[in-house]
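Spelled out, the chains give:
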Amino acid sequence: MAAAIDVDAVTVHYGFVLALDQATLRLEKGRICGLVGMNGSGKSTLFKAIMGLVKPDAGIVTIAGQAPAEARRTGAVSYVPQSEDVDWQFPLSVQDVVMMGRYGHMGMSRRTRKADKLAVAEALERVELHDYANRQIGQLSGGQKKRTFVARGIAQEATTLLLDEPFAGVDKRSEATISNLLKELAREGATILVSTHDLQALPDLADEAVLLMRRVLLHGTPGDVLQPDNLALAFGLDVMNRSGATL
Amino acid sequence: MSILEILLEPLSYAFMQRAVAVTVIASVVCAVLSCWLVLIGWSLMGDAVSHAVLPGVALAYIVGAPFAIGAVLFGFLAVALIGAVRDTSRVKEDAAIGIVFSTLFALGLVLISVTPSQTDLTHIIFGNLLGLSHGDLIQVVLLGTITFAILIFKRKDFTLYAFDPTHAHAIGLNPRLLGALLLGLLALTSVVALQAVGVVLVVAMLIIPGATAYLLTDRFGRMLVLAPSIAAVCAVVGLYASYYLDAASGGMVVLAQGVAFALVYLFSPRHGLVVTRITAARRRKLAAV
């Protein structure tokens, strides 16, 4: 069976800058994978490559055996953006945002049907935001904001969830709520890729972890990947010198 | 003179009827579009496109083609040139916008000045509400209706595009296409509105109503109702003021919108300056106690 997410030797340049260097990552259905690496290590670019937002200079991405464009058309992929990429002043309610997950299921004019309303209500229930359905999105706490976008993915019935720093600016309790929710979704068959700086919480959340530094340095269990030596490598001081000694 | 007479007298003239019809239609279409422009942050882009259509309109006039075609062509040309200058030089976007639209606008002025029958075309710059022909009215009604219908039919996609183009892409929509469609509609709307207030003031109608509605509500759906309502009222108030004060009609309409914005900016129950200041002062007082 095809992997849920298959990134095969993908290389991406932005002008002269090498953002991803033959990155390879296979993720099986129902797994949660933590994506670890410092700023500029290519995490966002990897997300963009999986979503087809950037065209790789080399390599192939497939999602459950489908080309990214096909996967997008079927609504398989959902993305939870970083907080700073969202205009929280935008005049939309929680419900409005979650409903956007349904647009792919609707006709040309995006008229809301009963099934859409039901899906949105269910999604809000699952992320425990049903009491906040009519609240403007800027009036939410950090954790509630994240859950709104996770709910959008649930309403979309996405099988692949990409989350960019979902725990940044989120208190511990909300982080636990989100973690449990993601684990639940994974048990139901969703494949989840999470970029995070919260390394302590990773072993509890993720089944596997990936250390990214333009290329995939390591891919294994969180326990193995998060060894101090390996982290020094990824966040490290002098990667060129150490890579020969450690790898 | 009774109030009814004051209201009815101007409408006894055919030119005033046409002026009211064109201004209300132009204001409403511009106001609907402005809701997205202010949220995407495209106000400057609206300014640029509305000015850059001038040479297109002039050329269309010279070769006898519909104004709309020339306007849309030059609208897109302006956006393409702005993108090219921004992406391929060290010049920043605001400067690129300024360079491109003022140059195209200048080209339009030059074209108008060398065109034999220049009386018709100078009206495009400042508008000529009171001299609108029956043909002008039909063109405004036609273009206005088409733009309005597309905007309303695709409103949810435009809002998604404005809010989260990445998600639009992720669910298989084409954000670039949506952006291009919005820009095309912007160019069409500019043609509709320049008949009413002229090229120079179109930008006001493309920004002020949306910005005013944004200060009044936290719901996009309500913005889409409030902005055109405010704009329609301002259009009528502005026209009547211009009739009785014998002042420039385009200027009066935009002035009315500016006054409406000022009132909302100060007194909006939700985001108005007065309310936010009072709540802040109360909070400080409470904190002090």
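Small disclaimer: the values here were computed from a predicted structure and weren't measured.

What counts and how
The numbering scheme is per chain: residues are counted from 1 as the chain's sequence reads. Going through the entries in the order they are written, you letter the chains from A and number the ligands from 1. Local features in this predicted model are restricted to residues of pLDDT 70 or higher, and side-chain atom pairs are both shown and tallied only at a pLDDT of 80 or more, whereas totals for entire chains, interfaces and linings draw on every residue. The basis for every side-chain value is the complete set of non-hydrogen atoms in the structure, without hydrogens or water. Helix and strand assignments follow DSSP, with helices taken as H or I runs no shorter than four residues and strands as E runs no shorter than two, numbered in order from the N terminus. Residues count as neighbours in contact if any of their non-hydrogen atoms are within 4.5 Å of one another. Only protein atoms enter the 1 Å grid used here, on which a cavity is any set of points holding a 1.4 Å probe that cannot leave and a pocket is any open set flanked by protein within 12 Å on both sides along at least five of seven lines; residues with an atom within 4 Å of a point are listed as lining. Grid points are joined across faces, edges and corners, and a volume is the space filled by probe spheres set on the points. Nonpolar residues are Ala, Val, Leu, Ile, Met, Phe, Trp, Tyr, Cys and Pro. Charged residues are Asp, Glu, Lys and Arg, and all others, Gly as well, are polar. Working convention: axes come from line fits to C-alpha atoms, limited for helices to the stretch in contact. Angles between N-to-C directions cover 0 to 180 degrees. The cut-offs work like this: below 35 degrees is roughly parallel, past 145 is roughly antiparallel, 65 to 115 is roughly perpendicular, and the gaps in between are oblique. Less than a right angle of anticlockwise turn of the near helix away from the far helix marks a crossing as left-handed, whereas a clockwise turn marks it as right-handed.

Draft legend 1. Spatial organisation of the environment of Gly142(A). All names here are of chain A. Take Gly142: it is sitting in helix 5 (residues 142-156). Gly142 sits 28 residues away from Val170 along the chain, and the two C-alpha atoms are 5.1 Å apart. With residues up to four places along the chain from it excluded, the contact list for Gly142 reads Gly169 and Val170.

Draft legend 2. Examining the layout of surface pockets more closely. In this model, the largest pocket occupies a volume close to 840 Å³. What lines the largest pocket is a set of 21 residues, among which Tyr161(B), Pro165(B), Pro175(B), Arg176(B) and Gly179(B) lie closest to the centre. If you list the elements that add at least two residues to the lining of the largest pocket, you get helix 2 (14-40), helix 4 (67-88), helix 8 (155-163), helix 9 (165-170) and helix 10 (175-197) of chain B. When residues in the lining of the largest pocket are grouped by element, the largest group, 5 residues, is from helix 10 of chain B. In terms of residue class, the lining of the largest pocket is built from 14 nonpolar, 4 polar and 3 charged. Considered as a void within the structure, the second largest pocket measures approximately 450 Å³ in volume. Lining the second largest pocket are 17 residues, with Asp96(A), Met99(A), Tyr103(A), Thr112(A) and Lys156(B) sitting closest to its centre. Those elements giving two or more residues to the lining of the second largest pocket turn out to be helix 3 (94-99) and helix 4 (114-126) of chain A together with helix 8 and helix 12 (220-245) of chain B.

Draft legend 3. Seen up close, the packing of helix 5 of chain A against helix 6 (residues 172-187) of chain A. Residues and elements named next belong to chain A. The interhelical angle for the contact between helix 5 and helix 6, taken along N-to-C directions, is 15°, at an axis separation of 10 Å. Between helix 5 and helix 6, the angle falls in the class roughly parallel. In this structure, helix 5 crosses over helix 6, and the sense of that crossing is left-handed. In contact with Gly143, Lys146, Arg147, Val150 and Ile154 of helix 5, helix 6 contributes Ser174, Thr177, Ile178, Leu181 and Leu185. Split by residue class, the contact of helix 5 with helix 6 holds 5 nonpolar, 3 polar and 2 charged.

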